[in-house]
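Observations on the three-dimensional arrangement
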Amino acid sequence: MTRARSAVRWSAALTAAVLLYSGGTTYAAGPTDNTNVPPADEQGGGTDGKGGLSASVSSIRIKYVSGGDGGGKEGNLGTVDPNWKPPACWYEPAFTPAQLKRFVDTDGGGDVGIHESWWGKELWTDHYRDGKPADNFDLNSPTNSVAEGYEDYNEGKDGYFWRGVAPDDSDPDSWDCGRIMFWVDAGEVPDDPNSPTPQTLAEYAYNKVKVPETKVELKPAAKSTVNLPTWVWLDKGTFQEVKVRAELPNTGLWAETTAKPVALHLEPGTEDAEVYPASGDCEINGDGSIGTPYKAGNADKTPPCGIRYLRATNGQPYQLKASITWEISWEGTGGANGDLPNGTFETTQDMNVQEIQAINR
């Protein structure tokens with residue numbers, strides 16, 4: 001089996017659905033994100049657990065440092081900036097020379113680049129053992145660049161073969177990492193715009209943050225009354241700071257991304273309502289609580305956080321939206337630090353509102 005030497009080029013729009021086979025080389029979109037860290041005594045490379053090398057399996061290690069795992073689902077924290085998204089692709093260490101040799105000798109197959117897969121041992125030995133050149137897959141360049149080959153997997157040298165990783169290879173921006181697996185000496189990172197940085201890891205960790213999905217406390221809980229305020233609060237400890245650490249093995253790179261709850265925003269679900277405060281933003285108190293719990297005798301008082309409905313519902317409840325704003329910051333290797341766009345998590349609760357002349361609470 002020999003590999004076709006001509007460059008293969010196609011539109012990024014095809015990557016999510018098209019699978020082409022050409023001279024033993026498969027060009028395809030990989031599976032969805034599946035962070036996987038093999039044990040230290042196993043071969044590296046981001047294998048998919050089935051003997052294949054997957055460009056969507058990252059070696060980044062994720063650890064929840066504080067706040068537990070937040071109690072919610074991974075990635076449930078939305079960003080307030082619609083134009084921001086986590087990195088589409090980056091490069092990371094995959095194999096030592098010995099690991100790559102073992103991978104090839106066991107007839108491994110899979111993604112040698114994000115959008116380029118090799119199936120068949122000869123494809124790997126041609127380039128990484130016998131020194132034959134191969135094409136990078138450079139969608140944004142007029143022609144594919146040529147990757148020079150290696151002799152005997154660079155055995156005897158200290159370093160790693162790096163490969164591209166894309167959590168979602170259907171993302172057109174993932175084509176920016178078009179190089180096939182390449183060599184980098186130990187202690188160095190590639191001279192490439194898509195080399196990983198502490199901020200890369202911080203942004204990756206952002207998408208791993210899990211925040212609680214707890215609904216807000218209401219009084220009255222079952223049914224509100226026209227022109228009487230509904231008190232809204234959250235007890236202290238319900239929302240805590242969540243810190244996620246991301247480390248990229250064999251690079252010394254790490255980052256910790258911290259999500260800190262800072263405010264609760266209320267939207268009553270109708271224009272016939274007033275919110276307290278008028279902005280609808282209830283700040284988090286110093287002890288971590290939000291608002292003030294309702295107490296007997298407070299029926300006619302104005303709550304620091306709450307809603308006053310002006311019109312009753314008629315069989316169809318209002319949809320009260322309560323969203324927590326999370327302030328996102330990060331720090332990482334070498335004192336690097338910064339901020340990322342605030343995150344939000346929103347819950348919706350039914351609000352039935354009655355209209356009566358008098359009420360005892």
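Structure: see above.
Residues numbered from 1 in each chain as written. Predicted model: local features only at pLDDT ≥ 70, side-chain atom pairs only at ≥ 80, totals over all residues. Heavy atoms only, no water.

1. Here we look at the overall build of the protein chain
- The helix and strand inventory of the protein chain stands at 3 helices and 23 strands.
- Burial analysis of the protein chain (361 residues in total) assigns 50% to the buried set.
- Within the protein chain, residue pairs in contact and separated by at least 24 positions form 71% of the contacts whose partners lie at least 6 positions apart. (Helix = DSSP H or I, 4+ residues; strand = E, 2+ residues; numbered from the N terminus. Buried < 20%, exposed > 50% of the residue type's maximum accessible area, 1.4 Å probe, protein only. Contact = heavy atoms within 4.5 Å.)

2. Observations regarding the pattern of salt bridges
- For the structure on display, the rule yields 12 salt bridges.
- A salt bridge links Asp272 to Arg311, with the nearest nitrogen and oxygen atoms 3.1 Å apart. Taken together, the residues Asp272 in the loop between β17 (253-267) and β18 (273-276) and Arg311 in the loop between β20 (306-309) and β21 (318-332) connect sequence positions 39 residues apart.
- A salt bridge links Arg308 to Glu274, with the shortest nitrogen-to-oxygen separation between them at 2.8 Å. (Salt bridge = Lys/Arg side-chain N within 4 Å of Asp/Glu carboxyl O.)

3. Here we look at the side chain of Arg245
- Relative to the assigned elements, Arg245 resides in strand β16 (residues 242-248).
- Here the side chain of Arg245 touches Glu247 through a polar contact of 2.4 Å, side chain to side chain.
- In terms of polar contacts, Arg245 uses its side chain to reach the side chain of Glu256, at 2.8 Å.
- Discounting residues that sit within four places of it in the chain, Arg245 has contacts with Arg61, Ile62, Lys63, Val65, Trp254, Ala255 and Glu256. (Polar contact = N/O pair within 3.5 Å; in protein donor to acceptor, adjacent residues only side chain to side chain.)

4. Structural notes on the packing of helix α1 (residues 97-105) against helix α2 (residues 121-129)
- Look at α1 against α2: their axes get within 9 Å of each other, and the N-to-C directions meet at 150°. In terms of their interaxial angle, α1 and α2 are classed as roughly antiparallel. Two secondary-structure elements touch here, α1 through Leu100, Phe103, Val104 and Asp105 and α2 through Lys121, Trp124, Thr125 and Tyr128.
- Split into classes, the residues belonging to the contact of α1 with α2 amount to 5 nonpolar, 1 polar and 2 charged. (Axes fitted to C-alpha atoms, helices over the stretch in contact; angles between N-to-C directions. Parallel < 35°, antiparallel > 145°, perpendicular 65-115°, else oblique. Nonpolar A, V, L, I, M, F, W, Y, C, P; charged D, E, K, R; others polar.)

5. What about α1?
- For α1, the set of buried residues is Pro97, Gln99, Leu100, Phe103 and Val104. Summarising the axial view, the buried residues of α1 lie within an arc of 165°, below the 170-degree limit, and thus occupy one face.
- Residue Asp107 follows α1 closely and has a positive phi angle near 60°. (Arc of directions from axis to C-beta.)

6. Considerations on the state of the cysteines
- A full pass over the atoms with the stated rule returns 2 disulfides.
- Between the sulfur atoms of Cys89 and its disulfide mate Cys177 the distance is 2.2 Å. The sign of the 80° torsion about the S-S bond sets the Cys89-Cys177 disulfide as right-handed. One end of the pair, Cys89, is in the loop between β5 (78-79) and β6 (90-95); the other, Cys177, is in the loop between β11 (159-165) and β12 (182-185), and 88 residues separate them in sequence. A single burial state applies to Cys89 and to Cys177, both of which are buried.
- With a sulfur-sulfur separation of 2.1 Å, Cys282 is cross-linked through a disulfide to Cys305. One quick way to see it: the torsion about the S-S bond of Cys282 and Cys305 is about 90°, and its sign makes the bridge right-handed. (Disulfide = S-S within 2.5 Å.)

7. Looking at unusual backbone geometry
- Here the bond from Tyr276 into Pro277 is cis, since omega is -5°, no more than 30 degrees from zero.
- Mapped onto the fold, Pro277 is located in the loop between β18 and β19 (281-283).
- For Asn154, which is not glycine, the phi dihedral falls at a positive 60°.
- By the secondary structure assignment, Asn154 is in the loop between β10 (146-147) and β11.
- Its relative accessible area of 7% is what places Asn154 among the buried residues.
- A positive phi angle, close to 70°, is found at Asn250, a residue other than glycine.
- Relative to the helices and strands, Asn250 resides in the loop between β16 and β17.

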